[in-house]
Amino acid sequence: MPAKNIEELIALCKRRGFIFQSNEIYGGTQGLYDYGPLGVELKSNLKNAWWKSIVYERDDVEGLDAAILTKNTVLKHSGHEDTFSDPMVDCKSCGERFRADQVPDYCKKEDLTEPRQFNLMFKTNIGPVDDGKSFAYLRPETAQSIFTNFKNVVDSTARTVPFGIAQMGKAFRNEITLKSFIFRVREFEQMELEFFVRPGDDDKWHKSWVESRLQWWKDQGISDMSLELYDVPADELAHYSKATVDIMYKFPHGVEELEGVANRTDFDLGSHSKNQKELNIKANVLNNNESNSKLALQDENNNWFVPFVIEPSAGVDRGVLAILNEAYSVEEIDGKERVVLKLKPHLAPIKAAVMPLKKNDENIVSLAKKVKDNLQKLGLGRILFENSGNIGKNYRRHDEVGTPVCITVDFESLDNQTVTVRDRDTMKQERISLDKISEHLKKIV
Ligand code: ATP
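Residues numbered from 1 in each chain as written. Predicted model: local features only at pLDDT ≥ 70, side-chain atom pairs only at ≥ 80, totals over all residues. Heavy atoms only, no water.

We now examine the overall build of the chain. Per the secondary structure count, the chain includes 14 helices and 24 strands. Counting across all 445 residues of the chain, residues that qualify as buried make up 51%. Put simply, 63% of the contacts in the chain that link residues at least 6 apart link residues at least 24 apart. By element, 47% of the accessible surface of the chain is carried by carbon and sulfur atoms, the whole surface being about 21400 Å². Across the chain, the centroid of the 61 positively charged side chains sits 4 Å from that of the 70 negatively charged ones. (Helix = DSSP H or I, 4+ residues; strand = E, 2+ residues; numbered from the N terminus. Buried < 20%, exposed > 50% of the residue type's maximum accessible area, 1.4 Å probe, protein only. Contact = heavy atoms within 4.5 Å. Areas by Shrake-Rupley, 256 points an atom, 1.4 Å probe, with all protein chains shown as cover. Lys, Arg positive; Asp, Glu negative; His and termini not counted. Charge placed at Lys NZ, Arg CZ, Asp CG, Glu CD.)

Right, here's the structure in full:
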């Protein structure tokens, strides 16, 4: 059962150390959030799951980790300088500024100014001289550096279509209207794949990527009922897109985009390529640009063609929010509330908590530490040695942060080398022999 409202989730995130407002001790900054001790684990588990499924489990995708600061010419030719803007209005009555399509009900139409375009990119300067020319942008999407590295990757890996380049990392947008916790923020992370295909095969690959990405979100624990697909109508498509299907999630504030799967045609490689006329680029982007690279491939007959690209682009932060919301559940146990985060074990920030029944019994504590050290070596993720002593409270706290199992070392453990393993979801406890505990945890996680 997802959270009743966003406030419940925000409270849990702060209380247990998943997510904090940035610069909180100085009053906070709108649209910026920091991931705390558990948030950093959850986020990195989600990103690892994506990388594993997109790069490791396929044989047709390569990885990339490019610079965030992006030369202005790149974003000029990509179209972002001209088109990456939102219409902005001011309300003369409340004095606030909004994205034109996101004006709250309390503002009257007659109080709003005419919409004007506001570019969402953050500008900065590279080097000590501010000559007005050498400025850069903080990238508004990770995609562009994939296109600008296209030839490098092709040359170094001998890839030909169909193949993809994947990248995860920060993106920045100076959003006008912020929304719902980490849903719409100014600094966020994306997980983007640019999958290059032969022109003509693009529709087929687009469909196949929509299906595979939808399934992946289900594999992360998001129920069928909370997900839907939205075929973006022609008049809402981004400047580069021939077709886009958004994977929508039922967020606490409404059904909104979690990931977009776009058919970007040959627009981007075309825009960044030299010899555009000769290449007969379908998206018709003659930028007359300064690129020194021909971003094209040769077919069997040695004819040059510019690959089309299918782009599944997911937001890490929106993913974290969806997953937390989906996992959040409140149960009544013996008249008391139990909050449980029913995270898929591979996403759980802590895979197991090992606790000695008596915090000042040397033998029990040292055996518990040994158990922790051995389990940590399995490489499954974080195993926590928990020595606060109150087992009942520990169980509840670990339920709340989604730890799949709690392992308790007690007096019996010293005698017969067994421990108590408690399952987060069923709350059932079983005694497991120490030599079987690694296998048990591996099976769960
Ligand atoms: P929206 O219309 O909701 O602003 P978008 O269509 O502009 O999203 P894309 O440019 O397609 O988003 O970016 C791909 C993904 O990056 C989105 O599906 C979303 O998960 C994530 N994303 C985009 N903007 C933000 C933001 N400001 N904060 C958090 N995540 C974002």
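Judged by pairing direction, the sheet is mixed, and its 7 strands sit side by side in the order S3-S10-S11-S17-S14-S13-S12 without closing on themselves. For this open sheet the edge positions go to strand S3 (61-64) and strand S12 (227-231), each flanked by a neighbour on one side alone. Averaged over all neighbouring strand pairs, the angle between strand axes comes to 25 degrees, with direction disregarded. Relative to the sheet, helix H2 (residues 37-56) contacts S3, strand S10 (163-172) and strand S11 (187-197), its axis offset from that of S10 by approximately 160 degrees. Helix-sheet contacts for helix H6 (residues 150-157) involve S3, S10 and S11, and the interaxial angle to S10 is about 140 degrees. (Pairing = 2+ DSSP bridges. Axes fitted to C-alpha atoms, helices over the stretch in contact; angles between N-to-C directions.)

Interface size is commonly expressed as the accessible area that is lost once the parts come together. Annotation of the chain at the domain level lists domain 1 (6-84 + 120-324) and domain 2 (348-444). Taking only C-alpha atoms into account, the centre of domain 1 sits 39 Å from that of domain 2. A per-residue breakdown of the area domain 1 buries against domain 2 is headed by Arg16, Leu38 and Glu41, which together make up 55% of the total. The tally of links from domain 1 across to domain 2 stands at 2 salt bridges. Between arginine 15 and glutamate 400 there is a salt bridge, and its shortest N-O distance comes to 3.2 Å. (Domains from an automatic or database assignment. Buried area = accessible area lost by both parts, 1.4 Å probe. Salt bridge = Lys/Arg side-chain N within 4 Å of Asp/Glu carboxyl O.)

Turning to the site of the ligand, a few remarks are in order. Around the ligand lies a shell of 14 residues, among which Glu175, Arg184, Val185, Glu257 and Leu258 are the nearest. Here an oxygen atom of the ligand and a side-chain polar atom of glutamate 257 are 2.6 Å apart. Residue glycine 315 places a main-chain N or O atom 3.0 Å away from an oxygen atom belonging to the ligand. Those elements that place two or more of their residues in the shell around the ligand are S11, strand S14 (254-265) and strand S17 (308-315). The element that contributes the greatest number of residues to the shell around the ligand is S14, accounting for 4 residues. Classifying every residue of the shell around the ligand by side-chain character gives 4 nonpolar, 4 polar and 6 charged. (Near = heavy atom within 4 Å. Polar contact = N/O pair within 3.5 Å; in protein donor to acceptor, adjacent residues only side chain to side chain. Nonpolar A, V, L, I, M, F, W, Y, C, P; charged D, E, K, R; others polar.)

As a further point, take the pairing of S14. Every regular strand shows the same layout, with side chains that alternate between the two sheet faces. Among the 12 residues that make up S14, 9 are buried, leaving the element largely enclosed by the rest of the structure. Where strand S13 (residues 243-251) meets S14, 9 bridges bridge the pair, whose relative direction is antiparallel. Residue pairing in the sheet places phenylalanine 251 in a bridge with glycine 254 of S14. Remark: 2 residues form the turn of the hairpin made by S13 and S14, two consecutive strands paired antiparallel. Pairing geometry for S14 and S17, over 6 bridges, is antiparallel. Of the residues in S17, the one forming a bridge with valine 261 is proline 312.

On to the state of the cysteines. Following the criterion strictly, the structure yields 0 disulfides and no others. Free of any disulfide, cysteine 91 has its nearest cysteine sulfur in cysteine 107, 3.6 Å distant. Cysteine cysteine 94 remains unbridged, with the sulfur of cysteine 91 as its closest cysteine sulfur at 3.7 Å. Its relative accessible area of 35% is what places cysteine 94 among the partly exposed residues. (Disulfide = S-S within 2.5 Å.)

The next subject is the pattern of salt bridges. The full count for this structure, using the stated rule, is 35 salt bridges. Here aspartate 60 and arginine 58 are joined by a salt bridge, their closest N and O atoms 2.8 Å apart. A relative accessible area of 23% places arginine 58 in the partly exposed class. With a shortest N-O distance of 2.7 Å, glutamate 311 and arginine 264 are connected by a salt bridge. With glutamate 311 in strand S17 and arginine 264 in strand S14, this pair connects stretches of sequence that are 47 residues apart. You can call glutamate 311 buried: its relative accessible area is 3%. One network of salt bridges, with partners in common, ties together Glu331, Arg338, Lys342, Arg396, Asp399 and Arg422.

Turning next to the packing of aromatic side chains. Counted by the stated rule, this structure contains 12 aromatic pairs. Summarising the aromatic geometry, the rings of tryptophan 50 and tryptophan 51 are spaced 6.2 Å apart at their centres and angled 45 degrees between planes, so their arrangement reads as tilted. With centroids separated by 4.8 Å and ring planes inclined at 65 degrees, the aromatic side chains of phenylalanine 150 and phenylalanine 196 adopt a geometry described as edge-to-face. Of this pair, phenylalanine 150 sits in helix H6 while phenylalanine 196 sits in strand S11, and the two are 46 residues apart along the sequence. Here the basic side chain of arginine 264 rests over the ring of tyrosine 240, its NZ or CZ set 3.6 Å away from the ring centre. (Phe/Tyr/Trp six-rings, centres within 6.5 Å; stacked < 30°, edge-to-face > 60°. Lys NZ or Arg CZ within 6 Å of the ring centre and 35° of its normal.)

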